[in-house]
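As a plain string of letters, each chain reads:
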Amino acid sequence: MRWQDSRRSDNVEDRRQNSVNSMGSLGALIPIIRFLLGSNIGRVVLVIGAVAYFMGFNPLALLDGGGAGTQRAALDSPQEKEKVAFVSAVLAQTEDVWSKVFKAGGAQYKEPSLVLFRDGVSSACGTASSQMGPFYCPADKKVYLDLSFFDELEAKYKAAGDFAQAYVIAHEVGHHVQNLLGTLGKVNELKSRTKSPVEQNALQVKVELQADCYAGVWAHYMGRYKVLEDGDIEEALNAASAIGDDALQKKYQGRVTPDSFTHGSSKQRMTWFKKGFEGGQPSSCAFEI
């Protein structure tokens, strides 16, 4: 994938330093907070700490002792910086593609933000750990990504390659497109009307497969713009297959239960990505609600 000379997005929000170990350190802060609340000076310290947090410094890092320096060094490593540059370039490419597609349809594309975090993060959709994987929050219109997922994608799921990583970002941006088009709202309304978990899962599968298809639309334009290299589409398809519900269930629980699918089977995910890639238009990704 040729991304090095691409422009970088201005919509990347870096919370990696603030979010490192903040989830685990919060419990250690509770007795300290109670102690500080017992005096006027203590309350002043708490106010200063709160102000510092919103200005970008994480007071929780003080609890980690010398670990903070190690964490900072990891964030400043050449490898980490390249990952950040890559994410910013891919996000910019999705902005260019969807701005063009929306304009052709007589609408304006509103760009999402992409939040980089480590370990855990708070969003308008609640608090999440990195174990949840990349996700999109429609309430604040932001994509959330822990860069360590890229390492996990290669090591755990055997889905290597920069275009496999780009596919993951494009999929989450696909959810943003669904949000702008009102699809997520309609599906969530339908899900709230049914008490059947099976029916709710089936609706969610449609949402996820359409996001795969939208990722394929983005990939179609990458082909037009001469960004693709030999093997890129195969990397994306391999990633789609590796994280299909049936593949994950078979790997981790030894059996496949289709009624519990929430993202679609490996075959379905590959098929819908190819639909978007070959069709090159959002209309290629339509589904009945």
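Residues numbered from 1 in each chain as written. Predicted model: local features only at pLDDT ≥ 70, side-chain atom pairs only at ≥ 80, totals over all residues. Heavy atoms only, no water.

- An unreviewed UniProt entry lists the chain under the name Putative neutral zinc metallopeptidase, with Campylobacter showae RM3277 as the source organism.
- A UniProt comment under Subcellular location (unreviewed entry) is attached to the chain, and it reads "Membrane". (UniProt positions renumbered as here; feature names shortened; annotations may be inferred.)

Observations regarding the pairing of strand 6 (residues 142-146)
Stage number 1. Burial analysis of strand 6 places 5 of its 5 residues in the buried class, which makes it a mostly covered element.
Stage number 2. On strand 6, burial covers both faces: Lys142, Tyr144 and Asp146 on one face and Val143 and Leu145 on the other are all buried.
Stage number 3. Looking at chain direction, strand 2 (residues 113-117) and strand 6 are connected through 5 bridges and run parallel. Its bridge partner lying in strand 6, Phe117 is registered against Asp146.
Stage number 4. With 3 bridges joining them, strand 5 (residues 135-137) and strand 6 adopt antiparallel strand pairing. When the sheet's bridge partners are listed, Phe135 is paired in strand 6 with Tyr144. (Buried < 20%, exposed > 50% of the residue type's maximum accessible area, 1.4 Å probe, protein only. Helix = DSSP H or I, 4+ residues; strand = E, 2+ residues; numbered from the N terminus. Pairing = 2+ DSSP bridges.)

A few points about the pairing of strand 4 (residues 126-129)
Note on strand geometry: in a regular strand, side chains alternate between the two faces of the sheet.
Stage number 1. When strand 3 (residues 120-123) meets strand 4, the two strands line up antiparallel, connected through 4 bridges. For Ser122, the partnering residue across the bridge sits in strand 4 and is Thr127.

Observations concerning the sheet that holds strand 6
In a beta sheet, neighbouring strands are held together by backbone hydrogen bonds and run either parallel or antiparallel to one another.
Stage number 1. Strand order in the open sheet formed by 4 strands is 1-2-6-5, with mixed pairing between adjacent strands. The two strands at the open ends of the sheet, each matched to only one other strand, are strand 1 (12-14) and strand 5. In this sheet, neighbouring strand axes are inclined to one another by 25° on average, regardless of whether the strands run parallel or antiparallel.
Stage number 2. Against the sheet, helix 7 (residues 162-181) contacts strand 2, strand 5 and strand 6, and its axis sits at roughly 20° relative to strand 5. (Axes fitted to C-alpha atoms, helices over the stretch in contact; angles between N-to-C directions. Contact = heavy atoms within 4.5 Å.)

So, the pattern of salt bridges
Stage number 1. The full count for this structure, using the stated rule, is 12 salt bridges.
Stage number 2. Arg7 is paired through a salt bridge with Asp96; the nearest N and O atoms lie 3.0 Å apart. In this pair, Arg7 is assigned in the segment before strand 1 and Asp96 in helix 5 (residues 78-104), connecting sequence segments 89 residues apart.
Stage number 3. We note a salt bridge from Glu80 to Arg16, for which the minimum N-O separation is 3.0 Å. On the criterion of sequence distance, the pair formed by Glu80 in helix 5 and Arg16 in helix 1 (residues 16-19) is long-range, its members being 64 residues apart. There is no split in this pair, since Glu80 and Arg16 are both buried. (Salt bridge = Lys/Arg side-chain N within 4 Å of Asp/Glu carboxyl O.)

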